[in-house]
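# Observations on the three-dimensional arrangement
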Amino acid sequence: MSSRKPVTLHRLREMHATGEKIAVLTCYDAAFARVLDEAGVDVLLVGDSLGMVLQGRPSTLPVSLDTMAYHTECVARGNRTAWVIADMPFGSYQESAELAMRHAVRLMQSGAHMVKLEGGGWTAPIVRVLVDRGVPVCAHLGFTPQSVYALGGYRVQGRDEGASRVLKQHAAELAGAGAALLVLEMVPAALARDLTNTLPIPVIGIGAGAGCGGQVLVLHDMLGLTGSEPLRFVRDFLDGSSSIEAAVRKFVTDVRAGRFPDDAIHSF
Ligand code: KIV
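Right, let's walk through the structure included here. (Residues numbered from 1 in each chain as written. Predicted model: local features only at pLDDT ≥ 70, side-chain atom pairs only at ≥ 80, totals over all residues. Heavy atoms only, no water.)

## Re the site of the ligand
Our working definition: Whether a residue is near a molecule or strand depends on its heavy atoms: it is near if one of them lies within 4 Å of it. The definition of a polar contact used here is a pair of N or O atoms within 3.5 Å, where within protein one atom must be able to donate a hydrogen and the other to accept one, and adjacent residues in sequence count solely through side-chain atom pairs. With residues, only the protein chains shown are counted as cover, and all accessible areas are computed by Shrake-Rupley using a 1.4 Å probe. Buried and open spaces are told apart on a 1 Å grid over the protein atoms alone, a cavity being a set of points where a 1.4 Å probe fits but cannot get out and a pocket being an open set with protein on both sides within 12 Å along at least five of seven lines. Residues with an atom within 4 Å of a point are the lining residues. Think of it this way: a molecule belongs to a cavity or pocket when more than half its atoms come within 2 Å of the grid points there. Three classes are used: nonpolar for Ala, Val, Leu, Ile, Met, Phe, Trp, Tyr, Cys and Pro, charged for Asp, Glu, Lys and Arg, and polar for all others, with Gly counted as polar.
Around the ligand, the neighbouring residues are Thr26, Leu45, Gly47, Asp48, Ser49, Asp87, Lys116, His140, Val183, Glu185, Ile206 and Val218. Within the side chain of serine 49, a nitrogen or oxygen atom sits 2.5 Å from an oxygen atom of the ligand. A distance of 2.8 Å separates an oxygen atom of the ligand from a polar side-chain atom of lysine 116. Burial of the ligand by the protein amounts to 96% of the accessible area it has alone, namely 260 Å². Most atoms of the ligand, that is more than half of them, are within 2 Å of grid points of the largest pocket. Here the shell around the ligand is built from residues that sort into four nonpolar, four polar and four charged.

Structure follows, in structure tokens:
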């Protein structure tokens, strides 16, 4: 059993300050939580991607709060030291800050250490309410899967100057509202690097290039279980590894060493 101390928000901030890369994977159950924690993954994200990965749905939109609470409980039981983030599902925070708070409480009481919500601009006041009431928040900008239909599919965000300016403004507002982490999904590597270097909080990238302060992948994607042509920013770490645990350890060491992602292959 590893002797790692529990990963805290303080530790994540320290990693940000010292430039140590943060390794994040999605996780949906106790068995994988045990393996990922032992392999040194810093953060387990109970992502609403489970709607697609585990439930075979076409998007994350139908995932319910009950489902998120159930999987968060499972992950919390298997985990010992990693920081656990639970996604707030579609419809659980859009209506009002009060409702968002009630739903965040449910996820925190299920074992999450932090909740994640998608979008910028309108989400900042909601983030402020949650943070003021003791709920750590991770923001999520760029391609936000709960808006897949509004965004017209899986598209890189922030490509032109106007979109890049808006994204930077939203990121600054979210950090100002108290968000302690930011996930940036499918944005040009140069924009992500710029945000990583200027924001006061750690930026965790997925399809956002090597310049981010950490990397996240969907667990089943990095184990080659995509069931379709993998997205450009995904690498199959099980390919060439002797076990799932070895694949996860390779992900952690490659992220820490800046070997994953490779901007020439995985970035936009
Ligand atoms: O739900 C999820 O898995 C996520 C990642 C894509 C960051 O939000």
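Read on for the rest.
## Side note on the pairing of strand S3 (residues 83-87)
Under the convention used in this document: Only protein chains enter the accessibility calculation, which uses a 1.4 Å probe; a residue is then buried when its area is under 20% of its type maximum, exposed when over 50%, and partly exposed in between. Secondary structure is summarised from DSSP: a helix means a run of H or I of at least four residues, a strand means a run of E of at least two, and numbering begins at the N terminus for each. Two strands make a pair as long as DSSP finds a minimum of two bridges between them. By definition, the crossover connecting two strands over a helix is right-handed if that path, from the first strand to the second, turns clockwise as seen with the strands pointing away from the viewer.
Counted residue by residue, S3 has five buried out of five residues, so it is predominantly covered. Neither face of S3 is open: one carries Trp83, Ile85 and Asp87, the other Val84 and Ala86, and all of them are buried. Pairing of strand S2 (residues 43-46) with S3, which is carried by four bridges, proceeds in the parallel orientation. Among the inter-strand pairings, valine 43 is bridged to a residue of S3, identified as tryptophan 83. Across three bridges, S3 lies against strand S4 (residues 114-118) in parallel orientation. Bridge pairing in S4 links aspartate 87 to lysine 116. Handedness of the S3-helix H5 (residues 97-109)-S4 crossover: right-handed.

## A short note on the packing of H5 against helix H6 (residues 124-132)
Heads up, the rule is: Note on geometry: axes are C-alpha line fits, over the in-contact stretch for helices, and angles between N-to-C directions span 0 to 180 degrees. We call two directions roughly parallel when the angle between them is under 35 degrees, roughly antiparallel when it is over 145, roughly perpendicular when it lies between 65 and 115, and oblique otherwise. A clockwise turn of the near helix away from the far one marks a right-handed crossing, whereas an anticlockwise turn of less than a right angle marks a left-handed crossing. Working rule for contacts: check all heavy atoms of both residues, and any pair within 4.5 Å makes them a contact.
As a packed pair, H5 and H6 sit with axes 9 Å apart at the nearest point and diverge in direction by 50 degrees. In terms of their interaxial angle, H5 and H6 are classed as oblique. With respect to the hand of their crossing, H5 and H6 are arranged in right-handed fashion. In contact with Ala97, Ala100, Met101 and Ala104 of H5, H6 contributes Ile126, Val129 and Leu130.

## Remarks on the environment of glutamate 185
Tracing the chain through its elements places glutamate 185 in strand S6 (residues 181-185). By relative accessible area, glutamate 185 is classed as buried at 10%. Residues glutamate 185 and proline 136, 49 residues apart in the sequence, show an inter-C-alpha distance of 20 Å. Among residues more than four places away in sequence, those in contact with glutamate 185 are His140, Leu141, Gly142, Phe143, Pro145 and Ile206. One polar contact links glutamate 185 to histidine 140, side chain to side chain, over a distance of 2.9 Å.

## Considering empty space enclosed by the protein
So the rule is basically this: Grid points are joined across faces, edges and corners, and a volume is the space filled by probe spheres set on the points.
For the coordinates displayed, the defined rule picks out three cavities of 30 Å³ or more. Roughly 50 Å³ of internal volume is contained in the largest cavity. Around the largest cavity sit Val24, Val43, Leu45, Ile85, Lys116, Leu181, Val183, Ile204 and Val216, which together line it. Every element with two or more residues in the lining of the largest cavity is listed here: S2 and S6.

## Some words on the side chain of threonine 144
The topology assignment puts threonine 144 in the loop between strand S5 (137-142) and helix H7 (161-176). With near-sequence residues (within four places) excluded, threonine 144 lies in contact with Glu118, Gly119 and Leu151.

## Topic: the sheet that holds strand S8 (residues 214-217)
Pairing between the strands of a sheet is mediated by backbone hydrogen bonds and can be parallel or antiparallel. Taking strand neighbours around the barrel as the criterion, the eight strands line up as S1-S2-S3-S4-S5-S6-S7-S8 in a closed arrangement whose pairing is parallel. Averaged over neighbouring strand pairs, the angle between their axes works out to 25 degrees when direction is ignored. Looking at chain direction, S4 and S5 are connected through four bridges and run parallel. Bridge pairing in S5 links glutamate 118 to histidine 140. Together, S4 and S5 form the strand contacts of H6, whose direction differs from that of S4 by roughly 175 degrees.

## A closer look at the nonpolar core
Note the threshold: Joining through side-chain atoms within 4.5 Å is the link that ties buried Ala, Val, Leu, Ile, Met, Phe, Trp, Tyr and Cys residues into a set, and such a set is a nonpolar core.
In terms of nonpolar packing, the biggest core is built from 90 residues, with Leu130, Leu184 and Phe251 touching the most fellow members. Leave out the neighbours within four places in its chain, and leucine 184 touches Leu141, Gly142, Leu167, Ala192, Leu195, Val203, Ile204, Gly205, Ile206 and Ala208.

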